[in-house]
Amino acid sequence: QVQLVESGGGLVQPGGSLTLSCAASGSFFSIVAMGWYRRAPGKQREMVATISDSGTINSADFVEGRYTISRDSDKNTVRLRMNSLKPEDTAVYHCKVVYRRTSWGLDYDFWGQGTQVTVSS
């Protein structure tokens with residue numbers, strides 16, 4: 001069983017910054033990757049950025065260098081630093097982890113409940 005604790009969302013003015021954090025705990029063998037996804041009102045969920053256990057980062061085009069994802073593997077924590085926020089960044093941001101229950105097993109996904117980010121003046 002995996003537990004995720006997300007934090008850091010809130011209301012920020014356009015051009016402002018926020019840092020989202022997600023800490024994973026529970027019973028698992030290893031975490032393969034962690035990442036952030038978002039769902040804006042009336043839109044489908046989309047990938048924001050992910051980081052693997054080897055440090056490989058994938059990020060969406062709309063990030064445009066404004067966001068930085070980082071991971072503290074010792075603490076099973078992933079952070080998303082968001083700068084130069086725009087109103088269109090308003091969404092619920094969800095943390096996702098890909099983990100393994102055993103060293104030889106399959107990869108499983110687990111999602112956090114999400115944290116609201118609102119960019120508005």
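Rules used in this analysis
- For every chain, the first residue of the written sequence is number 1, and numbering continues from 1 along that sequence.
- The predicted nature of this model means local features are confined to residues of pLDDT at least 70 and side-chain atom pairs, given and counted, to a pLDDT of 80 or more, with totals for whole chains, interfaces and linings taken over all residues.
- Hydrogens and water are ignored here; the side-chain numbers use all heavy atoms of the structure.
- Only DSSP runs of H or I covering at least 4 residues are called helices, and only runs of E covering at least 2 are called strands; the numbering of each starts at the N terminus.
- Throughout, radius of gyration means the C-alpha value; the globule benchmark is 2.2 Å times the number of residues raised to the power 0.38.
- Buried means the residue's accessible area, taken with a 1.4 Å probe over protein chains only, is under 20% of the maximum for its type, while exposed means over 50%, and partly exposed covers the values in between.
- Residue contacts are defined here by distance: any two heavy atoms, one from each residue, within 4.5 Å place the two residues in contact.
- Should a side-chain nitrogen of Lys or Arg be within 4 Å of a carboxyl oxygen of Asp or Glu, the pair is scored as a salt bridge.
- Whether two strands pair depends on DSSP finding at least two bridges between them.
- Here, axes are lines fitted to C-alpha atoms. For helices the fit covers the stretch in contact, and angles between N-to-C directions go from 0 to 180 degrees.
- Definition used in this section: a nonpolar core is a set of buried Ala, Val, Leu, Ile, Met, Phe, Trp, Tyr and Cys residues joined via side-chain atoms within 4.5 Å.
- The rule for a disulfide is simple: a pair of cysteine sulfur atoms within 2.5 Å.
- Whenever a nitrogen or oxygen atom comes within 3.5 Å of another N or O atom, the pair is scored as a polar contact, on the condition that within protein one atom can donate a hydrogen and the other can accept it, and that pairs from neighbouring residues in sequence are kept only if both atoms are in side chains.

(A) The overall build of the protein chain, seen in detail. Secondary structure summary: the protein chain contains zero helices and 11 strands in total. Going residue by residue from the N terminus, the α and β elements of the protein chain occur as β-β-β-β-β-β-β-β-β-β-β. Its C-alpha atoms give the protein chain a radius of gyration of 14 Å, within 12% of the compact-globule value 14 Å for 121 residues. Counting all 121 residues of the protein chain, 42% fall into the buried class. A separation threshold of at least 6 residues defines the contact pool for the protein chain, and within that pool the share at least 24 residues apart is 54%.

(B) The arrangement of the pattern of salt bridges in detail. Under the defined criterion, the tally for this structure stands at seven salt bridges. A salt bridge links Arg66 to Glu64; the shortest N-O distance between them is 3.8 Å. Its relative accessible area of 52% is what places Glu64 among the exposed residues.

(C) A look at the sheet that holds strand S3 (residues 18–26). Taken in spatial order, the four strands make up an open sheet running S1-S3-S8-S7, and their pairing is antiparallel. The sheet is open, and its two borders are formed by strand S1 (2–7) and strand S7 (67–72), each paired with just one other strand. Within the sheet, the average angular offset between the axes of one strand and its neighbour, ignoring direction, is 15°. Taken together, the six bridges between S1 and S3 define a ladder with antiparallel strand orientation. From the neighbouring strand, Glu6 faces S3, where its bridge partner is Cys22.

(D) Looking closely at the side chain of Thr50. Position of Thr50 among the secondary structure elements: in strand S5 (residues 46–52). Residues in contact with Thr50, not counting those within four places in the same chain, are Met34, Gly35, Tyr37, Thr56, Ile57, Asn58 and Ile69.

(E) Structural view of the nonpolar core. Ranked by internal contacts, the top residues of the largest apolar core, which has 30 residues, are Trp36, Leu80, Met82 and Tyr93. Ranked by the residues each element gives to this core, the list is headed by strand S9 (residues 91–100), at five residues. Those residues in contact with Met82 that lie beyond four places of it in its chain are Gly16, Ser17, Leu18, Leu20, Arg66, Tyr67, Tyr93 and Val117.

(F) Examining the state of the cysteines more closely. The tally for this structure, following the rule as stated, stands at one disulfide. Covalently, Cys22 is tied to Cys95 through a disulfide, its sulfur atoms 2.1 Å apart. Here the S-S torsion is close to -80°, and the disulfide linking Cys22 with Cys95 is therefore left-handed. Here Cys22, found in strand S3, pairs with Cys95, found in strand S9; they are 73 residues apart in sequence, far enough to count as distant.

(G) Representation of the environment of Arg66 within the structure. Checked against the element boundaries, Arg66 lands in the loop between strand S6 (57–59) and S7. Measuring from C-alpha to C-alpha, the distance between Arg66 and Ala91 comes to 16 Å, with 25 residues separating the pair along the chain. Those residues within four positions of Arg66 in sequence are excluded, and the remaining contacts are Arg81, Met82, Asn83, Ser84, Leu85, Lys86 and Asp89. At a separation of 3.0 Å, a polar atom in the side chain of Arg66 contacts the main-chain carbonyl oxygen of Phe62.

All we've got here are geometric facts, nothing functional implied.
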